Amino acid sequence: MFIKDLENAVSISEFFLVDSVKNGISSNGKPYITVVLKDKTGSIDAKIWEVKNEDYENLKSGRIIFVEAIANEYRNKMQLKINSYRLKNDEDKISIDNLIKIAPIPKEIMISELNDFLKIIENKKLKAITIELLNKYKNKFISYPAAKSMHHDFYSGLIYHTTTMLKVAQKIMEIYPILNKDLLYCGIILHDLGKTVEFDGPIATNYTVEGELIGHISIMCSEISVISHKLGIEGEEIILLKHMVLAHHGKYEFGSPKLPMLKEAEILNFIDNIDARMQMFEKNLSDVNPGEFSDKIYGLENRHFYVPKFDKKQ
């Protein structure tokens, strides 16, 4: 049984991926543990109320555990009460595909799509810097998520987010040919590439020390400088490419060191926002019945959204 299918008072015996662990103290002074468990359909809070000393060592982010639990509804959200669990052993035959969500397009197709966009970049300086950085981080780029929890928070989410943005940009430039194709494409490809340093892995993802203290925007801005020096590239293109990365969050309050000051940087911010929001809609509305409202979605200004009855796709 998958997380999205859980109902109140149902008993389950399933494998899950441990996403995160938090220790707490109940009102009666006894310790408890909250474990966020994941499978390919979502995540759920699970409680251990009778804590043993070995639980603190066993329950680590990224581990796979077999759980016997009962589902119950608490404050309009489903959670699990864990009765017992064990760590996965070598004899357990389970598919990792059941435990993690994967981008809906095969990795090989997305790599091919990305290469097609690289081929049509004409500016030699921008192209050289972009390809060098992609080659440096390619293994992580094709497997890491684009975010820890908000949007594209799944295996290969980063390349999926990037290639989708490139497709959107291609259509926009058919309408607005004043945009510089090379600068916009390279900015899109590099805007989130720093997340390969900001995050610690593609599964049960957490922030690295560099991610917490520096962040993906500053990381990639520095990388552009390093690679430009390595390749002996100078000129205005380096400044413009750095600005694309520095301004892609659009507003200071969203963590953007600079506001967009190029038309391509402005459009990059809009495309990034469009794709992130559409993915949040897909993530949060897919299980909402027509004629009903979703839960409030934090990443969309804590609004809830109505799913029309005539929308046959839902």
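As the structure is a prediction and not an experimental result, all values here were calculated from the model.

Go over the sheet that holds strand β3 (residues 42-48), please, and point to the residues and values.
Taken in spatial order, the 5 strands of this closed barrel run β1-β2-β3-β5-β4, and their pairing is mixed. This sheet shows a mean twist of 50 degrees between the axes of neighbouring strands, independent of strand direction. Sheet analysis places strand β2 (residues 31-39) next to β3, joined by 7 bridges and oriented antiparallel. From the neighbouring strand, K38 faces β3, where its bridge partner is S43.

Tell me about a nonpolar patch on the surface, and name the residues and values.
Judged by side-chain polarity, I175, Y176 and I178 come together as a nonpolar surface patch covering roughly 370 Å² of accessible area. As for its position among the elements, I175 is in helix α4 (residues 157-175).

Account for the nonpolar core, with residues named and values stated.
Grouped together as the largest cluster of nonpolar side chains are 52 residues, with contacts concentrated most on L133, L184, L190 and I224. Of all elements in the fold, only α2 (107-119), α3 (124-141), α4, α5 (181-191), α8 (216-231), α9 (236-246) and α10 (263-285) reach the threshold of two or more residues within this core. Top contributing element to this core by residue count: α4, with 8 residues. Ignoring anything within four residues of it in the chain, the contact list for L133 reads L190, L193, M220, E223, I224 and I227. Formed by 19 residues, the second largest nonpolar core is a distinct cluster that contains F16, I65, L80 and Y85.

For the environment of L59, give the residues involved together with the corresponding values.
Within the secondary structure, L59 is located in the loop between α1 (53-58) and β4 (64-74). Not counting the four nearest positions on each side in its chain, L59 is found in contact with V21, I33, V35, I48, I65 and Y85.

Got a sec to walk through the packing of aromatic side chains? Specific residues and values, please.
Taken as a whole and judged by the stated rule, the model has 7 aromatic pairs. Both rings, one in Y32 and one in W49, keep their centres 5.0 Å apart while their planes meet at 35 degrees; by these two values the pair is tilted. Here W49 lies in the loop between β3 and α1 and Y32 lies in strand β2, a separation of 17 residues in the sequence. Seen from their ring centres, F281 and F305 are 4.9 Å apart, and the 90 degrees between their planes marks the pair as edge-to-face.

Cut-offs applied
Residues numbered from 1 in each chain as written. Predicted model: local features only at pLDDT ≥ 70, side-chain atom pairs only at ≥ 80, totals over all residues. Heavy atoms only, no water. Pairing = 2+ DSSP bridges. Helix = DSSP H or I, 4+ residues; strand = E, 2+ residues; numbered from the N terminus. Axes fitted to C-alpha atoms, helices over the stretch in contact; angles between N-to-C directions. Patch = residues over 30% accessible without salt bridge, like charges linked within 9 Å, V, L, I, M, F, W, Y side chains within 5 Å. Areas by Shrake-Rupley, 256 points an atom, 1.4 Å probe, with all protein chains shown as cover. Salt bridge = Lys/Arg side-chain N within 4 Å of Asp/Glu carboxyl O. Core = buried A, V, L, I, M, F, W, Y, C linked by side-chain atoms within 4.5 Å. Buried < 20%, exposed > 50% of the residue type's maximum accessible area, 1.4 Å probe, protein only. Contact = heavy atoms within 4.5 Å. Phe/Tyr/Trp six-rings, centres within 6.5 Å; stacked < 30°, edge-to-face > 60°.

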